[in-house]
Amino acid sequence: MTSINNKNNGDAKNRGEKNRIDWNSIEEKWRDRWEEQRIFQADPDFARKKYFITVAYPYPNSPQHIGHGRTYTLADVHARYMRMKGYNVLFPMGFHYTGTPILAMSRRVAARDKDLLETFEKIYHVPKDVYTSFVDPLKIARYFHNEIRLGMKELGFSIDWRREFSTVDIIYSKFISWQFRTLRKKGLIVQGSHPVGWCPNDQNPVSQHDTIGDVEPAFNEYTLIKFRISDGYIIPTATLRPETVYGATNLWVNPNIEYVKIYLRDKDERWIVSKEAAIKLEFLDHKVTIESYVLGKEIVGTLAKNPITHVWLPLYPASFVQADSGTGFVMSVPAHAPYDYQALEDLKNNDSIQKEFGLKFIEVKPITVIESDGYSGIDVIPSKQIINKLNIQDQTDPEIEKATNELYSHEFYKGKMLQNTGKYSGMPVSEAKDKVKSEILMSGDADTMFELINKPVNCRCGTQCVVKLLNDQWFLNYGNTKWKYLAHECVNNMEIVPEEIRQEFNYVIDWLRERACARKTGLGTKLPWDQDWIIESLSDSTIYMIYYILAKYVNDKSIIDPDNLKDSVFDYIFLGRGNLVQVASECNISTALLEQIREEFSYFYPVDSRHSGRDLVPNHLSFFIFSHVAIFDRKNWPKQIVVNGSVLMEGKKMSKSLGNIIPLRDAIKEHTADAIRLAMLISAELLQDAVFSFDTVKGIRSKLQDIYDMGKESSTNSSQLQIKSAKIIEELEDRWLLSRLQRSIADTTVSMDKLRVREAAHNILYSLDHDLQWFEKRAKAKNRESSSVQYTLFTFLNTRIRMLAPFAPFLSEEVWEKIDNSSTSIIFASWPTADEDKIDIIAEESEQLIMNLIFDLQKIVKVTRIDPKKIIFYVAARWKLKVYNKILSSVFLESKSNFGDIMKQLIKDPETTKAKNDPNLVRKMIEDILSDPIETRNRRLLLENFDERLPIEDARNLLSLESGTEHAEILVYLEDDTDQSKHDLKSKGKFARPFKPAIYLIDQ
Ligand SMILES: [Zn+2]
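Cut-offs applied
Residues numbered from 1 in each chain as written. Predicted model: local features only at pLDDT ≥ 70, side-chain atom pairs only at ≥ 80, totals over all residues. Heavy atoms only, no water. Helix = DSSP H or I, 4+ residues; strand = E, 2+ residues; numbered from the N terminus. Buried < 20%, exposed > 50% of the residue type's maximum accessible area, 1.4 Å probe, protein only. Areas by Shrake-Rupley, 256 points an atom, 1.4 Å probe, with all protein chains shown as cover. Lys, Arg positive; Asp, Glu negative; His and termini not counted. Charge placed at Lys NZ, Arg CZ, Asp CG, Glu CD. Donors = N, O, S within 2.8 Å, 3.2 Å for Na, K, Ca; no water. Tetrahedral: all angles 85-135°; square planar, octahedral: opposite > 155°, others 65-115°. Axes fitted to C-alpha atoms, helices over the stretch in contact; angles between N-to-C directions. Parallel < 35°, antiparallel > 145°, perpendicular 65-115°, else oblique. Contact = heavy atoms within 4.5 Å. Nonpolar A, V, L, I, M, F, W, Y, C, P; charged D, E, K, R; others polar. Pairing = 2+ DSSP bridges. Right-handed = clockwise from strand over helix to strand, strands pointing away. Expected span 1.5 Å × (residues − 1). Polar contact = N/O pair within 3.5 Å; in protein donor to acceptor, adjacent residues only side chain to side chain. Phe/Tyr/Trp six-rings, centres within 6.5 Å; stacked < 30°, edge-to-face > 60°. Lys NZ or Arg CZ within 6 Å of the ring centre and 35° of its normal. Left-handed = near helix turned anticlockwise from the far one by under 90°. Salt bridge = Lys/Arg side-chain N within 4 Å of Asp/Glu carboxyl O. 1 Å grid on protein atoms, 1.4 Å probe; cavity = no way out; pocket = protein on both sides within 12 Å on 5 of 7 lines; lining within 4 Å. Points joined across faces, edges and corners; volume = space filled by probe spheres on them.

Asker: Which residues make up the overall build of the protein chain, and what are the values?
Answerer: In terms of helices and strands, the protein chain carries 36 helices and 28 strands. Dimensions of the protein chain, computed from C-alpha atoms along their principal axes, come out at roughly 115 × 80 × 55 Å. Per-residue burial for the protein chain yields a buried fraction of 57% across its 1004 residues. Element-wise, carbon and sulfur atoms account for 48% of the exposed surface of the protein chain, whose accessible area totals about 43400 Å². Charged side chains in the protein chain number 133 positive and 141 negative. The centres of these two groups are separated by 1 Å.

Listed below in structure tokens is the structure:
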């Protein structure tokens, strides 16, 4: 074991050079052994509790890089932790080929796209003869599939590889067809016209997977209110607040943009809109003929008739109106829209613009049509109030956006329509909004328009996406209210980690509506009833976790013949429907096998934990919930979702253009799997962005090296066989280290249970290391024989390595093999549990006292510059400790910190009445207590008869060593000792307070 008297001890560098770890061979050795011993293969074991953990399967169009690694590593750490807690853990992996990106990539290879070929060669290190074959999309998928699998093995992921599959496998396609037929039977797949995000170039719907930067196109439904001008043309304005049409005072037109006069063949109407709007209308299924062009400035001043109030309103110029937003015209409601109010003010104050457009005296007054808390009465102008409140200067002020949102939501939730809105008078705004909208839609005075709200959204092909109204498209009807209800029920009953994401799920479930589930191109499964369509990637990846159960049998090709598989098999296995004998004969499977698969499904399902990045909350993870509640009984609904943030490389976002994408396999080769795993997890808790840095990796490696060395020394020590039966050493620092260890186990277990992995890894790697260093320092200063510390150090290492195992599996196995005499994997050594009996508050208090005294002593030596001959510690008198305890219990237990109250209590009690002679001392003690951490106060409440002299005497050597006073004699007295030979020099002792001995230095 560690040789305490060796001068080099504690110097990691020296030790490292002695025993540099051969990481590569250690990693290889354990990978082989895990595989040989089939340690990660999980089969039903009815005597043990199962834990089914899955992570969103990867898309193999590139090798995995550090950014991908975080989610998978987290899931693996979770899986390994649960195994050590005794669960039968199933952690499988599949590969998602579905969709267009791989197809698009193969086309770019065929076109010899320079950028892409360079990426293959320089960043991904794909051999040339391999990437030239990438004109075949499947070759791309297979190549990176293999790369990713190798990387996962090299990182030590504890995956049951017997269950691997890809989403273009024949039986997977049969399974997806079954899923889709099942959903259709339940009426959840509908055909119709619905808006979708759309790439005009690819002629395909787009979702997050298809866009640059992985943005899900989001759009809103606007009401187009039709204002008519005298020559019959319609000026449509897009609004989210149709109920404010009663307050419209004018329209806004941008004088500097070009508009088009169009004929809508489908409606037999003539409109004026911006050029951009004309294109959008075509995608929304209008038949548009452009008749002529007109500049905005040419129509300023024109009058248009409000279809509801029949008042003629002027078109005024405004620069905030954008060509690509809505129709390029805006209905102006200055009383309720801060932009409109401000633009009107700006116009009134700008003589030159008025002159330019020949606008005479502008008399427009805001018309208030809504009242709400804080904005009551017809004379009040809400937008003016909020503009004044936020001190907005003009229409270019960015604060105006905030004012708009604030007023919008305030009036939506709290507003009521005023008497000038006819039959809507007195109606809540939230209700009037829909009523006004349907009234004007019915009368033909309005239309609807869908518009992207997060534009620009660019397709991976580079084209800007639009909203398209798609006809005869197949949709998953996430707008179905009954379905939404079940999805909410599932979310509200499951564990969401971290908890703050729960509301995001509920929001998404409310917000989701019909979603296109099939495409014209891409890899994947054909829609079973309409072979022109291919099921898209976010729709064929929602319940595949159940497929892992089947994949084990599918992969054993001798058992299941794909040609014979019918829906009845899936119904039987996954839903428990149908007759065993009948299904077995129909699909040519033995009844025993069918029953076995069904039992395996019943054993492992539901999913106990689903891991994924946060970007998948609004799509994949929500669809995962929707599909489960649609197809399965409540008992098979998922139990937990774990969401994590992304990874920044040395503080920056990872991107090809920044050149900071590092393929995982390269990083492992250079920096070792264990260090990479820890570095990905130790910088941040779940939702925060993790910052990956190679300095952190290096620091971790040197810590791991220290642990390895400790294991090695432990294993070479001849007496280690007797360690388990060795006599427990009762020195203070041994008791302290073992006590600290118990606290660390308890804390780390809580952290792991909540998946606060940063905290857990920190405890294991850094806090425990800190404790170990203190222990070694104490033992060394006491010149203890190395054999006398063996028991403690062995216990410490044995515990620490088991807690480290989920994070750093390779090193942990290697050390475990050295220190444990069994030949089994550390996975079977259970996660440690804290032993309450080893918590030793006296030892903890003692070591804390020594640490504090070293700090104080160093300060005094530095300030006084004395080279002392004697150092005297005066420990507070017994009665002071009684005073201290009394204060502590009143401050802490009765939460009283009022000096007068405390003093009264002290004086009442004969044991502490002496305090009245020294109010200053009492004051100081109160300060001491209030500045101590809660855990210190807790501990001291439990302490009885603590004698501060013992630790000081015990640490004599260390105290003088650490303060640079090696030649001084250290003396320890009790303040009120009656022995005259220890007389109180210059009355120093009276300054002693409990846990704060007085220190006196004598230099002669
Ligand atoms: Zn495109």
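Asker: Can you lay out the coordination of the zinc ion for me, pointing to particular residues and giving the numbers?
Answerer: A four-donor tetrahedral metal ideally has 109.5 degree angles, and a six-donor octahedral metal ideally has angles of 90 or 180 degrees. The coordination sphere of the zinc ion, as far as protein atoms go, consists of Cys 199 (SG), Asp 202 (OD), Cys 459 (SG) and Cys 461 (SG), spread over 2.2 to 2.3 Å. For the zinc ion, the four donor atoms are set out with angles of 94 to 121° between them, so the coordination reads as tetrahedral.

Asker: So what's going on with the packing of helix α8 (residues 170-185) against helix α19 (residues 567-575)? Residues and values would help.
Answerer: Interhelical geometry of α8 versus α19 gives an angle of 75° and a closest axis separation of 10 Å. In terms of orientation, α8 and α19 fall into the roughly perpendicular class. Contacts from Ile 171, Lys 174, Phe 175, Trp 178 and Arg 181 of α8 reach α19 at Asp 567, Phe 570, Asp 571, Phe 574 and Leu 575. Classifying every residue of the contact of α8 with α19 by side-chain character gives six nonpolar, no polar and four charged.

Asker: Outline the sheet that holds strand β17 (residues 466-477), listing residues and values.
Answerer: With antiparallel pairing, the four strands of this open sheet are ordered in space as β4-β3-β17-β19. Taken across any chain shown, the strands that pair with only one partner, and hence form the sheet edges, are β4 (204-205) and β19 (514-516). Relative to β19, β17 runs antiparallel, the two being bridged by three bridges. For Leu 476, the partnering residue across the bridge sits in β19 and is Arg 515.

Asker: I'd like a description of the pairing of strand β22 (residues 609-613), backed by residues and values.
Answerer: Counting buried positions over the five residues of β22 gives five, a clear majority of the element. Of the two faces of β22, the one lined by Ser 609, His 611 and Gly 613 and the one lined by Arg 610 and Ser 612 are each fully buried. With three bridges connecting them, strand β1 (residues 50-55) and β22 associate as parallel partners. Its bridge partner being in β22, Ile 53 is matched across the sheet by Ser 609. Across four bridges, the pairing between β22 and strand β23 (residues 640-644) is parallel. Bridging from a neighbouring strand, Ser 612 pairs with Val 643 of β23. Taken together, β22, helix α22 (residues 617-631) and β23 constitute a β-α-β crossover, and its handedness is right-handed.

Asker: Hey, could you go over helix α30 (residues 841-864) for me, with residue numbers and the actual values?
Answerer: Counted at 1.5 Å a residue, the expected span for α30 with its 24 residues is 34 Å, and the 34 Å between its end C-alpha atoms agrees. Of the residues making up α30, those classed as buried are Ile 841, Ala 843, Glu 844, Glu 845, Ser 846, Glu 847, Leu 849, Ile 850, Leu 853, Ile 854, Leu 857 and Val 861. The opening residue of α30, the one whose side-chain oxygen lies 3.2 Å from the backbone nitrogen of Ile 842, is Asp 840. Arg 865, located one to two residues past α30, shows a positive phi value of around 55°.

Asker: I'd like to hear about the packing of aromatic side chains, residue by residue, with values.
Answerer: With the rule as written, the count across this model stands at 52 aromatic pairs. Lys 468 extends its terminal NZ or CZ atom over the ring of Trp 198, reaching a point 5.2 Å from the ring centre. A cation over a ring is seen here: Arg 610 above Phe 624, with NZ or CZ 5.4 Å from the ring centre.

Asker: An account of the packing of helix α28 (residues 786-804) against helix α29 (residues 809-819) is requested, with residue identities and associated values reported.
Answerer: α29 packs onto α28 with a crossing angle of 150° between their chain directions and a minimal axis gap of 9 Å. Here α28 is positioned roughly antiparallel relative to α29, judged by the angle of their axes. In terms of crossing hand, the pair formed by α28 and α29 is left-handed. Taking contact as the criterion, the partners of Phe 794, Leu 797, Asn 798, Ile 801, Arg 802 and Leu 804 in α28 are, on α29, Leu 811, Ser 812, Val 815, Trp 816 and Ile 819.

Asker: Quick rundown of the environment of Ala 487? Include the residues and the values.
Answerer: Within the secondary structure layout, Ala 487 lies in helix α16 (residues 481-493). Using a relative accessible area of 0% as the deciding quantity, one classes Ala 487 as buried. When near neighbours in sequence (up to four residues on either side) are disregarded, Ala 487 contacts Ile 509, Ile 625, Phe 626 and Val 629.

Asker: I'd like to hear about the side chain of Arg 515, residue by residue, with values.
Answerer: Looking at the secondary structure, you find Arg 515 in strand β19. Within polar-contact distance, the side chain of Arg 515 engages the side chain of Glu 536 at 3.2 Å. Beyond its immediate stretch of four places on either side in the chain, Arg 515 contacts Ser 207, Glu 216, Trp 474, Phe 475, Leu 476, Tyr 478, Glu 536, Leu 538, Ser 539 and Phe 623.

Asker: Break down the pattern of salt bridges for me, citing the residues and quoting the values.
Answerer: Oppositely charged side chains are able to pair whenever their charged atoms sit close together. For the structure shown, the criterion picks out 71 salt bridges. One salt bridge connects Asp 445 with Arg 228, and the closest N-O pair in it is separated by 3.4 Å. Note that Asp 445 is positioned in the loop between α15 (429-442) and β16 (446-452) and Arg 228 in strand β5 (residues 219-229), a separation of 217 residues in sequence. Residue class for Asp 445 comes out buried when judged on its relative accessible area of 17%. Across the salt bridge formed by Lys 402 and Glu 399, the nearest N and O atoms sit 3.9 Å from each other.

Asker: For the side chain of His 65, give the residues involved together with the corresponding values.
Answerer: Within the secondary structure layout, His 65 lies in the loop between β1 and α3 (66-84). Ignoring sequence-local partners within four residues, the contact set of His 65 consists of Met 654, Ile 661, Ile 662, Pro 663 and Leu 664.

Asker: Explain empty space enclosed by the protein to me, and be specific about the residues and the numbers.
Answerer: Space left empty within the atom packing is revealed by a probe, the size of a water molecule, rolled over the atoms. On inspection of all chains with the given rule, the structure shows two cavities of 30 Å³ or more. Estimated volume of the largest cavity: approximately 70 Å³. What lines the largest cavity is simply Val 875, Ala 876, Ala 877, Arg 878, Leu 881, Phe 946, Asp 947, Glu 948, Leu 974 and Pro 994. Across the lining of the largest cavity, the residue classes break down as seven nonpolar, no polar and three charged. Gly 99, Thr 100, Ser 207, Asp 210, Arg 519, Thr 521, Leu 523, Ile 534, Ile 535, Glu 536 and Ser 537 are the residues that line the second largest cavity.

Asker: Tell me about the layout of surface pockets, and name the residues and values.
Answerer: Empty space within the second largest pocket amounts to approximately 1200 Å³. Lining the second largest pocket are 31 residues; nearest its centre among them are Tyr 222, Leu 240, Ser 325, Tyr 339 and Thr 404. Counting only elements with at least two residues in the lining of the second largest pocket, the list comes to β5, β6 (234-239), β13 (329-332), α11 (338-348), α14 (399-414) and β16. For the lining of the second largest pocket, the leading source of residues is α14, giving six residues. Looking at the lining of the second largest pocket residue by residue, the classes come out as 16 nonpolar, ten polar and five charged.

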